[in-house]
Amino acid sequence: MRVGPNEVIMPDPILVGRNPEKLEKLTKISEAKKFTTDLKSVLKDPAYSVYFDAQGTLLRSAAVKAAAAAGKHVYCEKPTAVTTAEALKLYHVCKRLA
């Protein structure tokens, strides 16, 4: 993305998931060339300031809380949680840590 006459920002995504074979296959057909099954290490890495969550809704809450606690900007698919109460809790966690 061009942000100025002499400045371009190029994302360097890393795919994170549970199945390394599927992740490797995705890197071969996408622009993303890195993958891992270790979310904790990625959340500790300052090179990755944005966390995008596309997991199943049942798995989302814990990962979003961990990403927010790690100081990441969080973007996730909806629904953000299974219940309204849990979605509101995620909102408050992210808002408090922002």
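These lines cover the structure that appears in this document, whether it is placed above or below. From a predicted model like this one, the values you see are computed outputs, not experimental measurements.

Reading the values: the criteria
- Residues numbered from 1 in each chain as written.
- Predicted model: local features only at pLDDT ≥ 70, side-chain atom pairs only at ≥ 80, totals over all residues.
- Heavy atoms only, no water.
- Salt bridge = Lys/Arg side-chain N within 4 Å of Asp/Glu carboxyl O.
- Helix = DSSP H or I, 4+ residues; strand = E, 2+ residues; numbered from the N terminus.
- Buried < 20%, exposed > 50% of the residue type's maximum accessible area, 1.4 Å probe, protein only.
- Polar contact = N/O pair within 3.5 Å; in protein donor to acceptor, adjacent residues only side chain to side chain.
- Contact = heavy atoms within 4.5 Å.

Under the definition given, this model contains 3 salt bridges. The partner of Asp12 in a salt bridge is Lys34, with the nearest N and O atoms 2.4 Å apart. With a gap of 22 residues between them, Asp12 in the loop between β2 (7–8) and β3 (14–16) and Lys34 in strand β4 (residues 34–36) connect regions that are remote in the sequence. With a relative accessible area of 34%, Lys34 lands in the partly exposed category. Where Lys65 meets Glu86, a salt bridge forms, and the shortest distance between an N and an O atom there is 3.1 Å. Within this pair, whereas Lys65 is found in helix α3 (residues 57–69), its partner Glu86 is found in helix α4 (residues 84–97), the two being separated by 21 residues in sequence. Of the residues examined, Lys65 reaches a relative accessible area of 27% and is grouped as partly exposed.

So, on to the side chain of Asp53. Examined against the element boundaries, Asp53 turns out to sit in strand β5 (residues 50–53). A polar contact is formed between the side chain of Asp53 and the side chain of Tyr51, at a distance of 2.6 Å. Within the structure, the side chain of Asp53 is placed 2.9 Å from the backbone nitrogen of Gln55, a separation counted as a polar contact. Here Asp53 is in contact with Arg60, Ala63, Val64, Tyr75, Cys76 and Glu77, once residues within four sequence places are set aside.

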